[in-house]
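# Structural description and commentary
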Amino acid sequence: MTGDDTPSTEPTDTDGSSRGSGGFSRDTETAARDAAGVLADGGTDATAIDPWGSSTIADYRKLFEEFGIEQFETLLGDVPNPHYLMRRGVIFGHRDYGPVASALANDEPAAVLSGFMPTGDPHIGHKLVFDEIIWHQQQGANAYALIADLEAHAARGLSWDEIDDHAESYLLSLLALGFDHEDGTLYRQSQNRAVQNLAFELGSNARFSEFASIYGFDGETNVSHMQSVVTQMADILYPQVADGPQPTVIPVGPDQDPHVRLARDLAVRMRFFKITEAYASFEANAAERDLLAAAYDALAAALDADETVRCEDAADWLEKRDVAADRTAARESAIDKLAEAGMEPLRPRVRFFHRHGPDAAFEAMIEAIEGDKRVYEGHIDAFEMDLADAETLAREIEVDTGGYGFIQPSSIYHRFMTGLTGGKMSSSIPASHISLLDDPEDGYEKVKSATTGGRETAALQRELGGEADDCPVYELYAYLLANDDDGLAAEVYEECVGGERLCGGCKEQAAELMRTFLEDHQEKREEAKELLDDLDIDLDSDRRGSGGTH
Ligand code: TRP
Ligand code: SF4
């Protein structure tokens, strides 16, 4: 059975080289539409987003329209102390982030988790995700970060020695940036037994044919690569095993969206109970249910409290009501079902379907439901409970009787940074990106040599203003260098487009900020080294083998 997020494989555009930056004054969608340039490991192919591809997300608008990612902007007002990456539209999209935002706002449990493939040095693109994890931790979330070593070995063929080195380096940057390891959890996929166990359970509920359609896996795909996918599914759901069911956000680049959708789907598939609203003993779809609700409300209002609304009266009421919007297939089928139910009372209730899991879970559920209830074959109707209470109860019973009670995980998506050399930011082109390990002087130089959105001459720049929205240097300010100082980011932007700022000075300022940032970060990395021993992570793994590449 599937949830509301059945993974899809709609085509997406792949190439394209337009780009933009997180200009303050632009709405997120416009910014997103123009943006591309992937740092990274993410990408797309002709049929789907491919998390292991190497090209770019060419068209952010498609992510909204075809893949159903929602715009972050509309939620921004609900987020307590939004991070600057949120305020500046760098975090542009989400799936179902509402429950996480509201848990943070109400001091209720929430979790954040993301993972890093240790394929190279951590760079300023990873810093975005490190910061997102740390921010959520500071807002009270249970924080998790993991090293995706199994994935790096199986899908990228990295040796265990390389993986050990890179793993250490990621952890140092994460700690240096402020991850609280005493309060949060850091692990390697290969060393987390509970994650492996969960992966095994989830794998029992996933089929190869889905992997084929979601990821393009085929007969040539190595089996450990597939195992790395179920492992990632387990990563995503692991906080809810460790800390109990709770809203969980996965901050990632949009290339990871297929994983998020599959995880959301598996979360539903693992549930013992499915809960819906209902009005009578028969099954009704959502459209029919709306009509039953309307009929019930109208008829009940006209009766005394101790009188009963009957299905056949509701059928008559719907028949007579002449509302254009009702003239649908749902109206006809609702009337038929009501007529057939005849004298049966029409009465709102929540329905617990027992989808799978032990009989003991069903028995325990019957026991636990308070107030008036009716037990049927495979489902229970509860008459004195609202939907939210029913959801909570079902989770409790599930967890008590050997299930997981997962809440579907949420995600937030950040935009990829443009390369300093103009094209995409790529780990394989050193001048295009800045590693967190770059010598501060090299960082300074890279910024000084970066492409800009400036005009041909200073005179033209004064006259027309620069194109901050198309400038990798402005992007550096917005994504990183201005830090929490919105005033600085806005000043650079306004001065640039207003023609008051020239690229030479602007780059000098940015380059100096970069040098300072790198010096400071590397100093903190040194300090963080002594924390490594506190972590329950083996950075000298004794695994053998050379891994896979497909
Ligand atoms: N697949 C991710 C990448 O390519 C790494 C990863 C593994 C991950 N497990 C995760 C990301 C869980 C987010 C959540 O970088
Ligand atoms: Fe970019 Fe600065 Fe030049 Fe504007 S002035 S185009 S922000 S480098």
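Figured I'd write up the structure that's included with this text. (Residues numbered from 1 in each chain as written. Chains lettered and ligands numbered in written order. Predicted model: local features only at pLDDT ≥ 70, side-chain atom pairs only at ≥ 80, totals over all residues. Heavy atoms only, no water.)

Turning to the overall build of the protein, a few remarks are in order. In terms of helices and strands, the protein carries 21 helices and 11 strands. Pairs at least 24 residues apart make up 77% of the contacts formed inside the protein by residues separated by at least 6 positions. Summed over its atoms, the accessible surface of the protein is roughly 22,800 Å², and 46% of this surface lies on carbon and sulfur atoms. (Helix = DSSP H or I, 4+ residues; strand = E, 2+ residues; numbered from the N terminus. Contact = heavy atoms within 4.5 Å. Areas by Shrake-Rupley, 256 points an atom, 1.4 Å probe, with all protein chains shown as cover.)

Within the structure shown, the criterion is met by 16 aromatic pairs. Ring geometry for Tyr-60 and Phe-92: centres 4.8 Å apart, planes at 75 degrees, overall edge-to-face. Residue Tyr-60 is found in helix H2 (residues 60-65), and its partner Phe-92 is found in strand S2 (residues 91-95); the two are separated by 32 residues along the sequence. Across this residue pair, the class does not change: Tyr-60 and Phe-92 are buried. Counting every residue linked through ring pairs, the aromatic cluster contains Trp-52, Phe-211, Tyr-215 and Phe-217. (Phe/Tyr/Trp six-rings, centres within 6.5 Å; stacked < 30°, edge-to-face > 60°. Buried < 20%, exposed > 50% of the residue type's maximum accessible area, 1.4 Å probe, protein only.)

Here we take up the site of ligand 2. The environment of ligand 2 is formed by Thr-452, Gly-453, Gly-454, Gln-461, Cys-471, Val-473, Tyr-474, Cys-496, Arg-501, Leu-502, Cys-503 and Cys-506. The residue makeup of the shell around ligand 2, split by class, is 7 nonpolar, 4 polar and 1 charged. (Near = heavy atom within 4 Å. Nonpolar A, V, L, I, M, F, W, Y, C, P; charged D, E, K, R; others polar.)

Here we take up helix H15 (residues 359-368). Restricting attention to buried positions, one finds in H15 the residues Ala-361, Phe-362, Met-365 and Ile-366. Axial view of H15: buried residues confined to an arc of 140 degrees, hence all on one face. Facing away from the buried side of H15, by more than 90 degrees, are the exposed residues Asp-359 and Glu-367. Elements that come into contact with the buried residues of H15 comprise strand S7 (273-278), strand S8 (349-354), strand S9 (373-375), strand S10 (379-382) and helix H16 (387-400). (Arc of directions from axis to C-beta.)

Turning our eyes to something else, we now look at the site of ligand 1. If you check the shell around ligand 1, you find 14 residues, and the closest are Gly-115, Glu-151, Gln-232, Asp-235 and Gln-256. Contact between ligand 1 and Glu-151: a nitrogen atom at 2.8 Å from a side-chain N or O atom of the residue. Contact between ligand 1 and Gln-232: a nitrogen atom at 2.8 Å from a side-chain N or O atom of the residue. Across the complex, the protein chains shield 94% of the 360 Å² of accessible surface that ligand 1 would expose by itself. Mapped by element, the contributors of at least two residues to the shell around ligand 1 are strand S3 (111-116), helix H10 (223-242) and strand S6 (248-252). (Polar contact = N/O pair within 3.5 Å; in protein donor to acceptor, adjacent residues only side chain to side chain.)

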